[in-house]
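Descriptive structure summary
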Amino acid sequence: MGRIIAVANQKGGVGKTTTSINLAACLAEKGKKVLAVDMDPQGNLTSGLGIDKNTLEYTIYHAMSGEINIGECMIVHPLEHGLDLSVLPANRDLAGAEVELVDAEDPQHILKNLLKSVKKKYDFIIIDCPPALGMLTINSMTAADTVLVPIQCEFFALDGLSQLIYTINLIKKKLNKSLEIEGVVFTMYDARTNLSLEVVENVKNNLDQFIYKTIIPRNVRLAEAPSFGLPINLYDSRSSGAQGYRDLADEVINNKLYAKL
Ligand SMILES: Nc1ncnc2c1ncn2[C@@H]1O[C@H](COP(=O)(O)OP(=O)(O)OP(=O)(O)O)[C@@H](O)[C@H]1O
Ligand SMILES: [Mg+2]
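Residues numbered from 1 in each chain as written. Chains lettered and ligands numbered in written order. Predicted model: local features only at pLDDT ≥ 70, side-chain atom pairs only at ≥ 80, totals over all residues. Heavy atoms only, no water.

- The name recorded for the chain in an unreviewed UniProt entry is Sporulation initiation inhibitor protein Soj, from Wujia chipingensis.
- Quoted verbatim from the Subunit (unreviewed entry) field of UniProt, the annotation for the chain is "Dimerizes in the presence of ATP but not ADP; ATP-binding is required for double-stranded (ds)DNA-binding. Interacts with DnaA."
- Here the chain is described in UniProt, under the heading Sequence similarities (unreviewed entry), as follows: "Belongs to the ParA family." (UniProt positions renumbered as here; feature names shortened; annotations may be inferred.)

Here's what the structure looks like:
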């Protein structure tokens, strides 16, 4: 049975998309069947996996608005490197859903209902959320088993985190009783600065959540890879970024939360 992980943090630029793409690709590299879902109208996950987001006839938006079945917008194995990784793509059309969904029946459950029919085909479904706590993120968390929270190693790391955890708990109470916080992962760690280390220590001392041992380093290869439409393990397999996301994939596979699912 697939495990659905929403990668969420309403803070912008903390590494949600980088984590979604590369965790998905490293899980697939380890032989898992993976579906990556782009729930951000910016479409960065879509283009980062080599898909031209502007020429797509159908995206997840069309599936969410009921025009098509989910299979009609799914892009199967776009990477052609033997990775069992498929994508539900998005582009700016999805911004409309934020407004239009309000009038739909049971608007918070639309993604959950769409994924129901495909969940059993995958080991992992990774959802890249937008930097907001609106309808698209609520749909993602309602569909998910767990939420993975990337935290950037910078001074304001803890800002907004209590609001995020409050929202997750609210969704757990009202919409998705079995939702759990998968854990927190530090991103963009710079070993040359004391600040990164201080941030990690500070968050560890102030946050009552599971924190992944793996810390994703700041690595320029991670920033370059999306412009080639490749995840890090295919762009530069020996980089520190690739090693980081492989380690994270191992930890995610072994996360004891999943013993319950
Ligand atoms: N570990 C890293 N090392 C170097 N650059 C990184 C790393 N992680 C992310 N970046 C870069 O930082 C920027 C923000 O990352 P990313 O797009 O993953 O964040 P995000 O949380 O998805 O942003 P948004 O909130 O806009 O969706 C991108 O340019 C990305 O390439
Ligand atoms: Mg993003």
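1. Structural notes on the overall build of the chain
- From N to C terminus, the chain includes twelve helices and six strands.
- Compactness check: the chain gives a C-alpha radius of gyration of 17 Å against a globular reference of 18 Å for 261 residues, within 12% of the reference.
- Dimensions of the chain along its principal axes, counting C-alpha atoms only, are 50 × 40 × 35 Å.
- Per-residue burial over the chain gives 54% buried out of 261 residues.
- Considering only residue pairs separated by 6 or more positions, the chain has 78% of its internal contacts joining residues 24 or more positions apart.
- For the chain, the exposed surface amounts to about 11800 Å²; the carbon and sulfur share of it is 49%.
- Measuring between centres, the 26 positive side-chain charges of the chain sit 7 Å from its 31 negative side-chain charges. (Helix = DSSP H or I, 4+ residues; strand = E, 2+ residues; numbered from the N terminus. Rg over C-alpha atoms; globule rule 2.2 N^0.38 Å. Buried < 20%, exposed > 50% of the residue type's maximum accessible area, 1.4 Å probe, protein only. Contact = heavy atoms within 4.5 Å. Areas by Shrake-Rupley, 256 points an atom, 1.4 Å probe, with all protein chains shown as cover. Lys, Arg positive; Asp, Glu negative; His and termini not counted. Charge placed at Lys NZ, Arg CZ, Asp CG, Glu CD.)

2. A look at the site of ligand 1
- Residues in contact with ligand 1 amount to 18 residues; listed here are only the nearest, Lys-16, Thr-17, Thr-18, Pro-217 and Asn-219.
- Between Lys-16 and ligand 1, the recorded distance is 2.8 Å, taken from a side-chain N or O atom to an oxygen atom.
- In the environment of ligand 1, a nitrogen atom lies 2.9 Å from a nitrogen or oxygen atom belonging to the backbone of Asn-219.
- Taking 630 Å² as the accessible area of ligand 1 by itself, protein coverage stands at 80%.
- Elements represented by at least two residues in the shell around ligand 1 include exactly α1 (16-29) and α10 (220-224).
- Considering every element that reaches the shell around ligand 1, the biggest residue donor is α1, with three residues. (Near = heavy atom within 4 Å. Polar contact = N/O pair within 3.5 Å; in protein donor to acceptor, adjacent residues only side chain to side chain.)

3. Regarding the UniProt feature "domain: AAA" (unreviewed entry) in the chain
- Cross-referencing UniProt, the feature "domain: AAA" (unreviewed entry) maps to residues 3-181 in the present numbering.
- Along residues 3-181 one finds 36% helix and 16% strand; the C-alpha atoms at either end are 13 Å apart.

4. Thoughts on the state of the cysteines
- Summed over the entire model, instances satisfying the criterion amount to zero disulfides.
- Unpaired in this structure, Cys-26 has its nearest cysteine sulfur neighbour in Cys-153, at a distance of 18 Å.
- In this structure Cys-26 comes out as buried when scored by relative accessible area, which is 0%.
- Left without a disulfide partner, Cys-73 is nearest to the cysteine sulfur of Cys-129, which lies 17 Å away.
- On the basis of relative accessibility, which here comes to 3%, the residue Cys-73 falls in the buried class. (Disulfide = S-S within 2.5 Å.)

5. Comments concerning helix α7 (residues 135-143)
- Across the nine residues that make up α7, a large majority, nine, are buried.
- Buried within α7 we find Met-135, Leu-136, Thr-137, Ile-138, Asn-139, Ser-140, Met-141, Thr-142 and Ala-143.

6. Overview of the pairing of strand β5 (residues 146-152)
- When you tally the buried positions in β5, you get seven out of seven residues, the bulk of the element.
- Side chains Thr-146, Leu-148, Pro-150 and Gln-152 of β5 all project onto a buried face; the interleaved residues Val-147, Val-149 and Ile-151 project onto the opposite face, where all are buried too.
- Where strand β1 (residues 3-7) lies against β5, three bridges are found, and the strand directions are parallel. Following the sheet pairing, Val-7 is matched in β5 by Leu-148.
- Two elements, β5 and strand β6 (residues 180-187), share seven bridges in a ladder whose sense is parallel. Among the inter-strand pairings, Val-149 is bridged to a residue of β6, identified as Val-184.
- Since β5 and β6 lie parallel, the crossover through helix α8 (residues 161-174) that links them has a hand, and here it is right-handed. (Pairing = 2+ DSSP bridges. Right-handed = clockwise from strand over helix to strand, strands pointing away.)

7. Topic: the sheet that holds β1
- The sheet built from six strands is open, its strands ordered β3-β2-β4-β1-β5-β6 with parallel pairing. Across the chains shown, the open sheet's two edge strands, defined by having one partner strand only, are β3 (85-88) and β6. Going from strand to strand, the sheet's axes swing by 20° on average, the running direction of each strand aside. (Axes fitted to C-alpha atoms, helices over the stretch in contact; angles between N-to-C directions.)

8. Observations regarding a nonpolar patch on the surface
- A surface patch of nonpolar side chains, about 340 Å² in accessible area, is lined by Phe-155, Phe-156 and Leu-195.
- Structurally, the position occupied by Leu-195 is in helix α9 (residues 194-206).
- Assessed through its relative accessible area of 36%, Leu-195 is described here as partly exposed. (Patch = residues over 30% accessible without salt bridge, like charges linked within 9 Å, V, L, I, M, F, W, Y side chains within 5 Å. Salt bridge = Lys/Arg side-chain N within 4 Å of Asp/Glu carboxyl O.)

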